[in-house]
Every structure is written in structure tokens, then in C-alpha cells.
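A look at the structure
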Amino acid sequence: TGSAPTVRITQETFASNKSPYEDIIVFRYQIQNILQTTRENFYFGLFFDWDMDDLNYNTNMAEYDASRKLGYVYDSGMGPDTYVGVRVLSDFPVSYCAIWNDEAEPNNPSWGIYDGFSDEEKWQAISGGLQHISAGPSDISNVIAAGPMTIPAGNSVEVVFALVAANGFPALLTAADDAVQMWNQLFETGLDAPAATAPLRFSLGVNYPNPFNPVTTIPFQLDRETHIQLQILDIQGRLVRSLLDTKLQPGDHLVRWDG
């Protein structure tokens, strides 16, 4: 809107070449309120303009699976059997908006984006709940968002999305469920995929964000397979929590701590 920024956003992207996670990308966002006052009624979302069939956009569909908080798209015509979806992995209410891109489309119940995507329309898309969960067959877009959130001054919230793809709808739902498992393995157990080339030495990185509320990430590198203990101590040296006590492979690793 031209005004000074009020939030600082850090994006991390995670992918794996191991089965069954090859067709999953996880986007993790840390959203910090840099104002001196509390941010209320805050929403955060992603917009996608899909072309599922390069030869014919008019048979594309956008739908929503409420049980998984999954917005997905596919081609209903003679195009490929590819389904693509975005799932909210964070525990926030979800707004989903399936968009008919052509505002003049006779079946369009609302606005489109051929004439532009105004701030008012964007706000409706990310904060409107589940008013428009289906669009098409037509040229379509969709928005999936989390919120509302309250972010105290200087504090952060975490929002996580998973982008998944598969051939056919049943396989898409399986991939969406695998995305939850992938996220849990990445951060609840503290295990991350090893790097292709091992680091030259052990290092423990600075946690981020810092300060944090309520979640921070602790990065570290291993130059060889070894047993690791990672503990949180208070200023008097007393144990607060043990985060890791296991053998890990060489590479880059991340541990998430919910303080």
C-alpha cells in the first residue's frame, strides 16, 4: 500500500527426494510484528493462478477439501490427470477462495482478476472464510490463507503450507497426508535430510527468530555420523528441556523448539 512495513517475513522452503515425499514442498513462514503495538485480525495467505492444461484453460477446476484444509486444482477436460493442492499445516482457521478469473463469466458468483486484483478483493480472499470453495470449469485461480491471528509487538507467529501434486485425486489426498508426516519428521523429531556433501566441521548456529514467541529453530551441522545431545539450560545451568538424544547422519539439521 506504499506505507512503511509493519511485519518482517522469513520464508523457509523444504523438499525431499525420498519416498513418499518427492512431490511435496513445505513453505514455512515466520511473521514478526515490528510495530510497537499489537497486530490483531491478521491474515496470511498464498495466491496461485493455475493453468493445468497449456492448450485449454477453460476446463480447469478449483475445489476445497475441508477435512484436510486443502485447496486443490485439476483439469476436467482432456488435459493431464495432474492434481495440485496447497494444505495449511498450521493450527489456524482457514479461508479459501476459488476464483473465476474472468469477471464476465456467466457462472461467476463474484469478482474476477482479469480486470485486476484490488486490495479489497485480496482482503476478501484471505479473510472471507469458505464462501467460495469451487470455481470452474473455467480459467481459475485460488487463495488459501490462515487467520485471524494476534501478534503482540515484537513477537512472531509461524504459518506453514504444503504444496503437493499427484496423478489423480486419491493420490493427491495421500500426498496431502504425507505432507503432515514430512513436517512432523522434520521438526518434531528434529531430523532433517542430510546434505549431499558433509560439512567440514561441527557447528551450532544461532537460533531464529530471536527473540521468539512461541517457536524458534536451532540449526546445526555435523561433519560425521555421531550421537548428539541437544539441551536447553537456564541461566543457572539447570536443564529446561532435552531436544535431542540420538544418532544423526552428517549434514545440515534443524530442531524446532516450542518454548
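Residues numbered from 1 in each chain as written. Predicted model: local features only at pLDDT ≥ 70, side-chain atom pairs only at ≥ 80, totals over all residues. Heavy atoms only, no water.

This part covers the overall build of the protein. Within the protein, the regular secondary structure consists of two helices and 15 strands. The principal-axis extent of the C-alpha atoms belonging to the protein is close to 70 × 45 × 30 Å. The proportion of buried residues among the 259 residues of the protein is 45%. Taking the intrachain contacts of the protein between residues at least 6 apart in sequence as the baseline, contacts between residues at least 24 apart amount to 66%. Taken as a whole, the protein presents about 13,500 Å² of accessible surface, with 51% of it coming from carbon and sulfur. When the 14 basic and 32 acidic side-chain charges of the protein are each reduced to a single mean position, those positions are 16 Å apart. (Helix = DSSP H or I, 4+ residues; strand = E, 2+ residues; numbered from the N terminus. Buried < 20%, exposed > 50% of the residue type's maximum accessible area, 1.4 Å probe, protein only. Contact = heavy atoms within 4.5 Å. Areas by Shrake-Rupley, 256 points an atom, 1.4 Å probe, with all protein chains shown as cover. Lys, Arg positive; Asp, Glu negative; His and termini not counted. Charge placed at Lys NZ, Arg CZ, Asp CG, Glu CD.)

Looking now at the pattern of salt bridges. Enumeration according to the criterion identifies nine salt bridges in this entry. Close ionic contact of Arg28 with Glu12 constitutes a salt bridge, the shortest N to O distance being 3.0 Å. With Arg28 in strand 2 (residues 24–33) and Glu12 in strand 1 (residues 7–15), the pair connects residues that are 16 residues apart, well separated along the chain. Summarising the burial analysis for this pair, Arg28 and Glu12 share the class buried. A salt bridge links Arg238 to Asp234; the nearest nitrogen and oxygen atoms lie 2.8 Å apart. Take Asp234: its relative accessible area is 26%, and that puts it in the partly exposed class. Each of Glu12, Arg28, Glu158 and Arg256 takes part in salt bridges that share partners, so that together they form one network. (Salt bridge = Lys/Arg side-chain N within 4 Å of Asp/Glu carboxyl O.)

Function-wise, these values are silent; they only describe arrangement.
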